[in-house]
Amino acid sequence: MTTTMKCKSDLDTPCLVLDMDILEQNLQKMQAAADGAGKNLRPHVKTHKCSSLARKQIEAGAIGVCVAKVSEAESLVKAGLDNILITGPVVTPGKIERLIDLLGLSANLMVVVDHPGNIELLDTALYTKGLSMGVLLDVDVGSNRTGVRPTDAMALAGQIVSRQQLHLRGIQAYAGHVQHIRSYDTRKHTSHECLQGAARVFREIRAGVPTCTIFSASGTGTFDIDLAVTEISELQVGSYACMDTEYLNIGSADDDTRFAAFAPALRLLTTVISANHKGFVTVDAGLKSLYKDGGKPQVIVPEDSALAYDWFGDEYGRITSTDNSELPSPGTVLELITSHCDPTINLFDKFYLTRGTEVIGTWPIDLRGCCQ
Ligand SMILES: Cc1ncc(COP(=O)(O)O)c(C=O)c1O
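Residues numbered from 1 in each chain as written. Predicted model: local features only at pLDDT ≥ 70, side-chain atom pairs only at ≥ 80, totals over all residues. Heavy atoms only, no water.

**Q** What is the right way to read the layout of surface pockets from this model?
**A** Rolled over the atoms, a probe with the dimensions of a water molecule shows which regions are left empty. A volume near 1000 Å³ is recorded for the largest pocket. Contributing to the lining of the largest pocket are 47 residues, with H44, K46, A68, T87 and R145 lying nearest its centre. Where the lining of the largest pocket is concerned, the elements lending two or more residues are α3 (70-78), α9 (245-248) and α10 (341-345). Taken together, the residues of the lining of the largest pocket break down into 15 nonpolar, 21 polar and 11 charged. (1 Å grid on protein atoms, 1.4 Å probe; cavity = no way out; pocket = protein on both sides within 12 Å on 5 of 7 lines; lining within 4 Å. Points joined across faces, edges and corners; volume = space filled by probe spheres on them. Helix = DSSP H or I, 4+ residues; strand = E, 2+ residues; numbered from the N terminus. Nonpolar A, V, L, I, M, F, W, Y, C, P; charged D, E, K, R; others polar.)

Structure below.
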């Protein structure tokens with residue numbers, strides 16, 4: 001962490017700010033939930049793309065981290081982190097070579113597999129280097145993105161077990177299609193229903209392969225729901241650390257109108273740069289600073305201002321008032337909760353870290369652009 005003694009209001013915009021008090025509360029809350037249920041926590045780093053924040057999650061008690069891509073894993077290993085799970089299949093010879101090179105530096109690196117051809121390729125490539133690797137079988141519980149359907153999972157598990165260089169350590173079952181279901185009860189019902197098949201697969205594999213102990217699952221939207229699934233051994237949650245409006249707008253256990261479990265640690269600061277029209281003003285954050293996905297960003301500072309943001313092209317945003325009150329004048333800095341944190345963070349080089357109004361340092365977003 002580099003130290004700068006600035007005030008939040010001195011920061012140039014658009015920029016991303018992490019409220020450290022809120023971030024720490026979010027990390028502690030998720031860790032306590034996992035600990036309380038006897039589960040491990042392996043947070044997904046694709047959300048924040050920041051090795052310093054990943055280290056903070058480990059210091060808070062996480063057993064390791066998840067990444068989506070090999071290049072993210074490479075950056076984390078370079079930053080000194082290990083116990084990394086790659087949650088998407090790695091299938092091309094070139095990428096498998098990178099994976100195995102990385103395994104040479106980080107022996108407990110794991111990857112998911114979901115296809116017979118991929119299992120063969122990986123096993124052969126490992127054999128030629130004299131290495132072996134832990135893998136998780138990716139089970140598709142209804143997202144239809146990656147993974148093998150539960151009905152075909154045992155055959156693929158058998159193939160993995162028959163390969164010399166692969167160690168079947170468990171399964172992954174991420175229910176991405178469930179995470180943002182608005183109603184808590186429907187989300188709970190759907191998550192339990194779709195994880196049943198994966199739990200059955202896990203029990204069956206474990207009966208024959210005692211080293212198969214990992215069942216990695218869950219996201220921020222179902223973290224508390226999935227704690228009740230006894231077979232799940234670890235949570236691979238991501239968004240809870242930073243949060244965004246896409247999550248804040250779904251219901252939670254205590255309040256079916258908003259997601260109260262975690263607070264927004266991530267904020268975007270943007271400045272009013274023009275105010276020459278009736279009914280709206282223009283700010284300096286557009287599509288290049290606020291990813292357009294998952295609903296609208298929410299203006300939270302000035303507080304109680306009833307200001308609404310909408311995109312206004314690549315570089316700009318349009319601010320209107322929902323109650324016809326006075327609009328902010330040029331130079332005013334607004335603070336927004338972003339619509340979808342992952343792709344928004346990937347647009348910036350660093351987070352400014354704040355406590356109250358003080359900027360206490362920065363963290364590089366060092367995995368930014370690691371999408372290979
Ligand atoms: C495979 C996988 N696991 C875990 C997560 C984390 O989910 P969330 O950000 O909802 O906590 C994601 C996010 O998309 C994911 O793709």
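**Q** Quick question: what am I supposed to make of the side chain of N26 here?
**A** Mapped onto the elements of the fold, N26 is located in helix α1 (residues 20-36). Polar contacts involving the side chain of N26 include one to the main-chain carbonyl oxygen of A241, which spans 3.1 Å. In this structure, N26 is in contact with Y240, A241, M243, F262, A263 and A265, ignoring residues within four places of it in sequence. (Polar contact = N/O pair within 3.5 Å; in protein donor to acceptor, adjacent residues only side chain to side chain. Contact = heavy atoms within 4.5 Å.)

**Q** I tried to follow the site of the ligand on my own but got confused; where do I start?
**A** Surrounding the ligand, one finds H44, K46, T87, R145, Y174, G219, T220, Q236, V237, G238, S239 and Y247. Within the backbone of G238, an N or O atom sits 2.7 Å from an oxygen atom of the ligand. In the model, an oxygen atom of the ligand is placed 2.6 Å from a nitrogen or oxygen of the S239 side chain. Here the ligand, which alone exposes 390 Å², has 91% of that area covered by the protein. (Near = heavy atom within 4 Å. Areas by Shrake-Rupley, 256 points an atom, 1.4 Å probe, with all protein chains shown as cover.)

**Q** How should I be thinking about the confidence of the model for the chain in this particular structure?
**A** Reading fine detail from the predicted coordinates is not recommended where pLDDT is low. Averaged over all residues, the pLDDT of the chain is 97; the fraction at 70 or higher stands at 99%. The secondary structure element of the chain with the lowest average pLDDT is strand β1 (residues 6-7), at 92, and the one with the highest is strand β5 (residues 84-86), at 99. (pLDDT = per-residue confidence, 0-100.)

**Q** I would appreciate a short explanation of the sheet that holds strand β8 (residues 166-173) in the present structure.
**A** Consider a sheet: its strands pair through backbone hydrogen bonds, and that pairing is either parallel or antiparallel. Spatial strand order, β3-β10-β9-β8-β7-β6-β5-β4: eight strands in an open sheet with parallel pairing. Sheet topology places β3 (40-41) and β4 (65-67) at the edges, where each strand pairs with a single neighbour. Direction of pairing for strand β7 (residues 133-138) relative to β8: parallel, over a ladder of six bridges. Bridge pairing in β8 links D138 to Q172. Sheet strands in contact with α3 are β4 and β5, and its direction is about 170° off that of β5. Where helix α6 (residues 150-162) meets the sheet, its contacts fall on β6 (110-113), β7 and β8, and the angle it forms with β7 comes to roughly 170°. (Pairing = 2+ DSSP bridges. Axes fitted to C-alpha atoms, helices over the stretch in contact; angles between N-to-C directions.)

**Q** Mind showing me how you'd approach unusual backbone geometry here?
**A** Most peptide bonds adopt trans geometry, and most residues besides glycine take a negative phi value. Across the junction of T13 and P14, the peptide omega takes the value 0°, indicating a cis bond. Looking at the secondary structure, you find P14 in the loop between β1 and β2 (15-19). The amide bond that connects V301 to the next residue, P302, takes the cis arrangement and shows omega of 5°. Structurally, the position occupied by P302 is in the loop between β13 (298-301) and β14 (307-311).

**Q** Help me understand the pattern of salt bridges in this model?
**A** A side chain of one charge can pair with a side chain of the opposite charge when the charged atoms of the two come close. On inspection of all chains with the given rule, the structure shows 18 salt bridges. For E120, the salt bridge identified is with R163, shortest N-O distance 3.5 Å. With E120 in helix α5 (residues 116-129) and R163 in the loop between α6 and β8, this pair connects stretches of sequence that are 43 residues apart. Given the relative accessible area of 30%, E120 is considered partly exposed. Judged by relative accessible area, which is 26%, R163 ranks as partly exposed. R149 is paired through a salt bridge with D140; the nearest N and O atoms lie 3.8 Å apart. What makes R149 partly exposed here is its relative accessible area of 40%. One salt-bridge network, held together by shared partners, links D21, E24, K56 and R355. (Salt bridge = Lys/Arg side-chain N within 4 Å of Asp/Glu carboxyl O. Buried < 20%, exposed > 50% of the residue type's maximum accessible area, 1.4 Å probe, protein only.)

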